[in-house]
Amino acid sequence: MTTNSPSAFAEAEYDISSVDITIATDTSQLPQPVKPPLAQASYKTHATDFIVNEILPLEFTNDGEHLWLHIQKSGVNTAYLAKLLSEWADIPLRDVGYSGLKDRHAVTTQWFSLRIPKKQLPTTEFAPEDIGDNESVIILAQHWHNKKLNRGTHRANEFIITLRNVQCEELATKTPEQTRLAKQHLEQHLKTISATGVPNYFGPQRFGREGNNVREALALFARPPREARPQPKKSKRKRAPREQNTMELSAARSLIFNEILAARVRDGSWNQGLAGEVFNLDGSGSIFTSEEIDDTLRARLNSGDIHPTGVLWGTDNDKVSATAATIENSTVQNNPLLSQLATGLEKRDIKAQRRALRLPIEALSWHWDDEETLVLSFTLTTGSFATSVLASVVQQLTT
């Protein structure tokens, strides 16, 4: 089987009764190209240990009916804050815009937009009462603009992460010389991944607590797909049924992608081109295919201009071929859980997409607060996970 289609797995039956979903979705077990230099560390000990700043360069028109608010929050998730803003402004929730979801257990800054007809602002300042002692919301700036903020608008996120209780295997006796060598080894590793990137795994938050989002996906796929809604006689447009279970579908695709990427890490091809590869142009959504890998493509790969991709599973995955397609299909075909998820996605006519296998790290820097506290700062493109960077640095990461 070289390509997948809606019928590729449709006739097969899978026994996943013995599959431990918690283990299957444990991202800490995913392979790394090299052994992480730190044996153990903890993060998110305090909210300020995980700081995320949305990077959204834009110029405001200073007119229009959309009020843009730059907000710093802690202990509050993005969707709930959007609800509080809609209630304060007395506008429908659909008129509140934001670009991406930000971690609740962190200090984050991001933009929200509120469509306020005739610029009639509320008579009171935004001061939500439905937040607890460990939750905070601060408005940093506001501007009028002529457009709503849409999902996926921001380019990247800046992370400032504090790792505490850092332990290196080399520090068994903690002599000054061992400490110096351990730090030297760590810093060389950080320089290396700054230049080469890390595997672009989906993080654990994509799968929910103990993999519950994947369990929900399996339950969803056990039910018949929704039928398409009938269209008016004058309409010639065929409308597919709208799938509302975004979280479950995303978890299913993410698990399949992670396992395909893991296979590529194990064989050493995650940052190399294979025959039939689909490449992603760095910093864009553009992709192109190549049957053969020549010196020009190798040079572009080495410079970080392009990246190999893996499939976000669905129908019409016809761009990949040859060796690259064989790895993707065999990874799914030989795993009953992945096969069942793939079948469910295909039956719902979810279209295949591509995601880069390699995650570039921008502006990586670090410093030590003390002998056991390391602070990392870096920037990642939208849709990538800081935990992928941490997993390449720390073998056992705890909260």
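One structure accompanies this document, and this report is about it.

1. As for helix H2 (residues 78-89)
The terminal C-alpha atoms of H2, which comprises 12 residues, lie 17 Å apart, in line with the 16 Å expected from a rise of 1.5 Å per residue. Within H2, burial applies to Thr78, Leu81, Ala82, Leu84, Leu85, Ser86, Trp88 and Ala89. Of the residues flanking the start of H2, the one acting as N-cap is Asn77, its side-chain oxygen 3.3 Å from the backbone nitrogen of Ala79.

2. Re the sheet that holds strand S11 (residues 306-312)
Read from one edge to the other, the open sheet built from 4 strands follows the order S10-S9-S11-S12, with strand pairing classed as antiparallel. Looking along the sheet, the strands with just one partner apiece sit at the ends: strand S10 (287-290) and strand S12 (353-356). When strand polarity is set aside, the average angle formed by the axes of neighbouring strands in this sheet is 45 degrees. One ladder, built from 3 bridges, connects strand S9 (residues 277-281) with S11; its direction is antiparallel. Looking across to S11, one finds that Leu281 is bridged to Ile306. Running at roughly 85 degrees to S11, helix H6 (residues 295-303) makes contact with S9, S10 and S11 of the sheet.

3. Some remarks on helix H7 (residues 322-333)
Over its 12 residues, H7 extends 16 Å from the first C-alpha to the last, a length consistent with the 16 Å expected when each residue adds 1.5 Å. Ala324, Ala325, Ile327, Glu328, Asn329, Thr331 and Val332 are the residues of H7 that are buried. Against the buried residues of H7 lie helix H5 (246-266), S9, S11, helix H8 (336-347) and S12.

4. Digging into the packing of aromatic side chains
Inspection of the entire model under this criterion finds 11 aromatic pairs. Their ring planes at 55 degrees and their centres at 6.3 Å tell us that Trp68 and Trp111 sit as a pair that is tilted. Of the two residues, Trp68 is situated in strand S3 (residues 66-74) and Trp111 in strand S5 (residues 107-115); the sequence distance between them amounts to 43 residues. The residues Trp68 and Trp111 share a single accessibility class, namely buried. Here Lys183 stacks its cationic end above the ring of Trp368, 4.5 Å away from the centre of that ring. The ring of Phe202 has Arg355 sitting right over it, with the charged end atom 3.8 Å from the ring centre.

Procedures and definitions
- Residues numbered from 1 in each chain as written.
- Predicted model: local features only at pLDDT ≥ 70, side-chain atom pairs only at ≥ 80, totals over all residues.
- Heavy atoms only, no water.
- Helix = DSSP H or I, 4+ residues; strand = E, 2+ residues; numbered from the N terminus.
- Expected span 1.5 Å × (residues − 1).
- Buried < 20%, exposed > 50% of the residue type's maximum accessible area, 1.4 Å probe, protein only.
- Polar contact = N/O pair within 3.5 Å; in protein donor to acceptor, adjacent residues only side chain to side chain.
- Pairing = 2+ DSSP bridges.
- Axes fitted to C-alpha atoms, helices over the stretch in contact; angles between N-to-C directions.
- Contact = heavy atoms within 4.5 Å.
- Phe/Tyr/Trp six-rings, centres within 6.5 Å; stacked < 30°, edge-to-face > 60°.
- Lys NZ or Arg CZ within 6 Å of the ring centre and 35° of its normal.

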